[in-house]
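Chain by chain, the residues run as shown.
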Amino acid sequence: MTNKDWLLLAIITFLTAIVWTVFDVYHTVTATTVTPAQADLIDPIDPTLHTEIFDTINSRKD
Amino acid sequence: MKKGDNLTLHNPKTLQALLISQETQAYAMAFLSFFALAFFTVFAIRPTLISFFNLQKQIEEAKETDSKLEMKIEQLLAAQQVYQDYQSELALLDKALPENPEFAQLIQKLEEIVNDKEATTTAFETIDEVTLLDKHELLNLGTAANAEMSPEVSEALNEMPAESIKFSMTIGSNYLNNKAVANHLLELKRIIGLTTLEFTNTKDQDNVEFPVETTLEAEAFYLPKLND
């Protein structure tokens, strides 16, 4: 291998390391750290109750 | 020493000449620089950046989770308040949609209504299979008594999607009484839906004691408890 080849190899190695790092960082930024169990826990609930249904049922016969 | 010169490297003098040549020194410096950069990128910069962004992401999501949990706590408190306010009324929901088919009580009610309206039930049949015990009681019965319950039956009980019992009933009386029975059925607290209602004038038919016969096909709904 000539000097040029060694230099080219070093440059390619360096660029590969850069690309690897960029992809890893991108993956870290996009991947969520919230577990499925936590996601279930924080799922909102609707506390409203359609209370008019009680009047409707009350107005019916036994 | 120029580029392209043929050198015999086993000669120390020639090797020394090569190493001290400016071109080789420049290449060696560049090679080592890039190699060192790659090395540090892989073993130092990459882990540091990953840790940094990972921690930042965790902090951001932890804050978001915290605010959502606080919101959920508020929602739960609101739901608890609503539940306490209407606790006495909740029994009404069980009346409208019982957890079990409560078929025996349903028949008793039907009989009561028919008698009240001075009509007579001349025929009654269930359209689907109806069990007097609910699904869990049936399964427990099978386990407790060590009865021979085939896997198919057990599986069918477990997967029973039915949320209504369908029945057909024929009543005889005059038109107004029969209509009153149908109306009363629809006005019961227990939710019952009529799928078919047929009035037949039997005045011209022989051996019939009622002037009008009414055939009702209905569905009584119930809401089985969901398994967790």
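Residue positions within a chain follow its written sequence, with the count starting from 1. Throughout, the order in which chains and ligands are written sets their labels, letters from A for the former and numbers from 1 for the latter. Per-residue local features are limited, in this predicted model, to residues with pLDDT of at least 70; the limit for side-chain atom pairs, both in listing and counting, is 80 or more; totals at the level of whole chains, interfaces and linings are taken over all residues.

When its secondary structure is counted, chain B shows seven helices and four strands. Numbering goes from the N terminus for both helices and strands, where a helix is a DSSP run of H or I of at least four residues and a strand is a run of E of at least two. The secondary structure elements of chain B, listed N-terminal to C-terminal, are α-α-α-α-β-α-α-β-α-β-β. Any residue with 12 or fewer other C-beta atoms within 10 Å of its own C-beta is exposed, any with 20 or more is buried, and the rest are partly exposed; the C-beta atoms used are placed from the backbone. Here chain B holds 228 residues, and the buried ones make up 14% of them.

In helix packing, the relevant descriptors are the interaxial angle and the interaxial distance, both defined with respect to the helix axes. Where helix α1 (residues 3-30) of chain A contacts helix α2 (residues 22-85) of chain B, the two axes come as close as 9 Å, and the packing angle between them is 5°. Between α1(A) and α2(B), the crossing angle belongs to the class labelled roughly parallel. Here the term charged refers only to Asp, Glu, Lys and Arg, the term nonpolar to Ala, Val, Leu, Ile, Met, Phe, Trp, Tyr, Cys and Pro, and the term polar to all other amino acids, Gly among them. A class-by-class count of the residues in the contact of α1(A) with α2(B) yields 22 nonpolar, seven polar and three charged. Only the contacting stretch of a helix is used when fitting its axis, a line to C-alpha atoms as for every element, and angles between N-to-C directions run 0 to 180 degrees. In these notes the angle categories are as follows: under 35 degrees is roughly parallel, over 145 is roughly antiparallel, 65 to 115 is roughly perpendicular, and the rest is oblique.

Let us now look at the sheet that holds strand β1 (residues 120-126) of chain B. Residues and elements named next belong to chain B. One open sheet holds the four strands; their spatial order is β1-β2-β4-β3, and the pairing between them is antiparallel. Of all the strands in the sheet, just β1 and β3 (192-201) have a single pairing partner and so form its edges. The sheet shows a mean angle of 15° between the axes of neighbouring strands, direction not considered. Pairing between two strands requires that DSSP report at least two bridges joining them. In the sheet, β1 pairs with strand β2 (residues 164-173) via six bridges, with the strands oriented antiparallel. Within the sheet, the bridge partner assigned to Thr126 lies in β2 and is Phe167. In this description, any two residues whose backbone-derived C-beta atoms lie within 7 Å of each other are considered to be in contact. Contacts from helix α4 (residues 103-116) reach β1, β2 and β4 (212-221), with the element oriented near 20° to β2. This element, helix α7 (residues 175-186), spans β2, β3 and β4 of the sheet and lies at about 175° to β3.

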